[in-house]
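Secondary and tertiary structure notes
Residue strings, one per chain:
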Amino acid sequence: MLIQALLLIAIVAVVILLGRSSKNVKHMAFRRLFLLAFAAAAVFAILFPHVLTQLAQLFGVGRGADLLLYALVVAFVGSLAMQSRRATELGRMITLNTRRLAILEAETELGLNSATRSPSAPVRPSPSAGA
Amino acid sequence: MPTTHAGRRRRADIWFVVPAYNEGTVIGDVIREVRAEGFPVVVVDDCSRDNSGAIARDAGAVVVRHATNLGQGAALQTGIEFALRRGATFLVTFDADGQHRIEDAIGMLDLAQHDGLGFVFGSRFLDDRTQTGTLKRLVLRFAAWFTRKSTGMELTDAHNGLRVIRADVARWVDLHQNRMAHATEIVRQLGRSRQRWAEYPVHVLYTDYSRGKGQSLWNSVNILVDLMFR
């Protein structure tokens, strides 16, 4: 069926696009494994819709499509949470960068530099972006 | 640097930290008033769209300018770090909109130095000089209650921008709440220093200007969400 072909192509595209490199090695590996499992399950569901329905009935859900919808809702909320965490991390980085820039700029304007800085001046170690 | 005894500090080492966002119409007078008492002032211009920064500089403040608008909490943190790098002995956080009185700040500094306190919070609810509307009063009382419950510190007014903090205690402050929820966060972080502290009755001057600029009550919903889902 045409819909099966279209969905399979979409899944391959998603795997290729999202599976590309990121910074944290462990996170990246985890994300890629999850993505592969997700893709495999999706391909399976497309090719054998009746198996999905049987699985749904095993869980007490009427149709395979309903089970898919529920799984999608869970995945969507999880993705929202991940994005929000990522946004917080990025916001923290922007804050730290903006602050460092503002302070250095003001000190330069005042004609201060590292040689004349007061000896008691604290240099706060930059906390890592994640919590 | 001696940190625990209650000796007098030079005013030149007591920094006023003033976060500012679009306060051009009033900030000049506020800065001049503080400078006239001999205190250095750092204004953190949170990427204002008006000329707040230039006015503050002309009035005698050191201006630190954020390249993007980050929020009052972030501006406060920037000002605190700048003042500590300048070797401040005490910090005074002070609003740019003219609602605080310099006499109150000096009174709080005297109290902190005389009693050897780590920090002093201004409170508008210790006497009845400050006129607040009923709804605003309720919201502020709720904020104070929430802060008491989440920090264990017996405060009457959590969202007052007038605070005196001794330098060694200010190092405990590392605000992650960029927006208004920092008011509770700073209480929690200062509380962790386990230093002695006090509240001090202050008179908050509500003018038409500060009322117009002040946070809308809707913002208290945002603050609550920020605090609960950090």
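This report concerns the structure included in the present document. (Residues numbered from 1 in each chain as written. Chains lettered and ligands numbered in written order. Predicted model: local features only at pLDDT ≥ 70, side-chain atom pairs only at ≥ 80, totals over all residues. Heavy atoms only, no water.)

A look at the sheet that holds strand β6 (residues 163-166) of chain B
All names here are of chain B. Spatially, the 7 strands line up as an open sheet ordered β3-β2-β1-β4-β6-β5-β7, and their pairing is mixed. Pairing within the sheet leaves two strands with one partner each, and these edge strands are β3 (62-65) and β7 (197-201). On average, each strand axis in the sheet is inclined to that of its neighbour by 20°, with strand direction left out of account. Inspection of the sheet shows strand β2 (residues 41-45) paired to β3 by 4 bridges, in the parallel sense. Bridge pairing links Val43 to Val63 in β3. Helix α3 (residues 72-85) rests against β1 (14-20), β2, β3, β4 (90-93) and β6 of the sheet, and its axis sits at about 155° to β1. In this fold helix α7 (residues 182-191) packs onto β5 (119-123) and β6, with an angle of close to 35° to the strand it touches most, β6. (Pairing = 2+ DSSP bridges. Helix = DSSP H or I, 4+ residues; strand = E, 2+ residues; numbered from the N terminus. Axes fitted to C-alpha atoms, helices over the stretch in contact; angles between N-to-C directions. Contact = heavy atoms within 4.5 Å.)

A word on the pairing of β1 of chain B
Residues and elements named next belong to chain B. Among the 7 residues that make up β1, 7 are buried, leaving the element largely enclosed by the rest of the structure. Where burial is concerned, the two faces of β1 agree: the one with Ile14, Phe16, Val18 and Ala20 and the one with Trp15, Val17 and Pro19 are both buried. Inspection of the sheet shows β1 paired to β2 by 5 bridges, in the parallel sense. The residue of β2 that forms the bridge with Val17 is Val42. As for the winding sense of the linkage, the β-α-β connection from β1 through helix α1 (residues 24-36) to β2 is right-handed. (Buried < 20%, exposed > 50% of the residue type's maximum accessible area, 1.4 Å probe, protein only. Right-handed = clockwise from strand over helix to strand, strands pointing away.)

Focus: the layout of surface pockets
Residue and element names in this part refer to chain A. Empty space within the largest pocket amounts to approximately 2,000 Å³. Surrounding the largest pocket, 48 residues form its lining, Leu18, Phe34, Leu35, Ser79 and Met82 being those nearest its centre. Tallying contributions element by element places helix α4 (residues 64-109) first for the lining of the largest pocket, with 16 residues. For the lining of the largest pocket, the residue count by class is 32 nonpolar, 10 polar and 6 charged. (1 Å grid on protein atoms, 1.4 Å probe; cavity = no way out; pocket = protein on both sides within 12 Å on 5 of 7 lines; lining within 4 Å. Points joined across faces, edges and corners; volume = space filled by probe spheres on them. Nonpolar A, V, L, I, M, F, W, Y, C, P; charged D, E, K, R; others polar.)

Thoughts on the packing of aromatic side chains
According to the stated counting rule, one finds 9 aromatic pairs over all chains in the structure shown. Ring centres 5.2 Å apart and planes at 50° place the aromatic pair Phe44 of chain A and Phe48 of chain A in the tilted group. A relative accessible area of 43% places Phe44 of chain A in the partly exposed class. Summarising the aromatic geometry, the rings of Phe119 of chain B and Phe121 of chain B are spaced 5.4 Å apart at their centres and angled 65° between planes, so their arrangement reads as edge-to-face. Summarising the burial analysis for this pair, Phe119 of chain B and Phe121 of chain B share the class buried. Ring pairs connect the aromatic residues Phe16, Phe39 and Phe94 of chain B, which therefore count as one cluster. (Phe/Tyr/Trp six-rings, centres within 6.5 Å; stacked < 30°, edge-to-face > 60°.)

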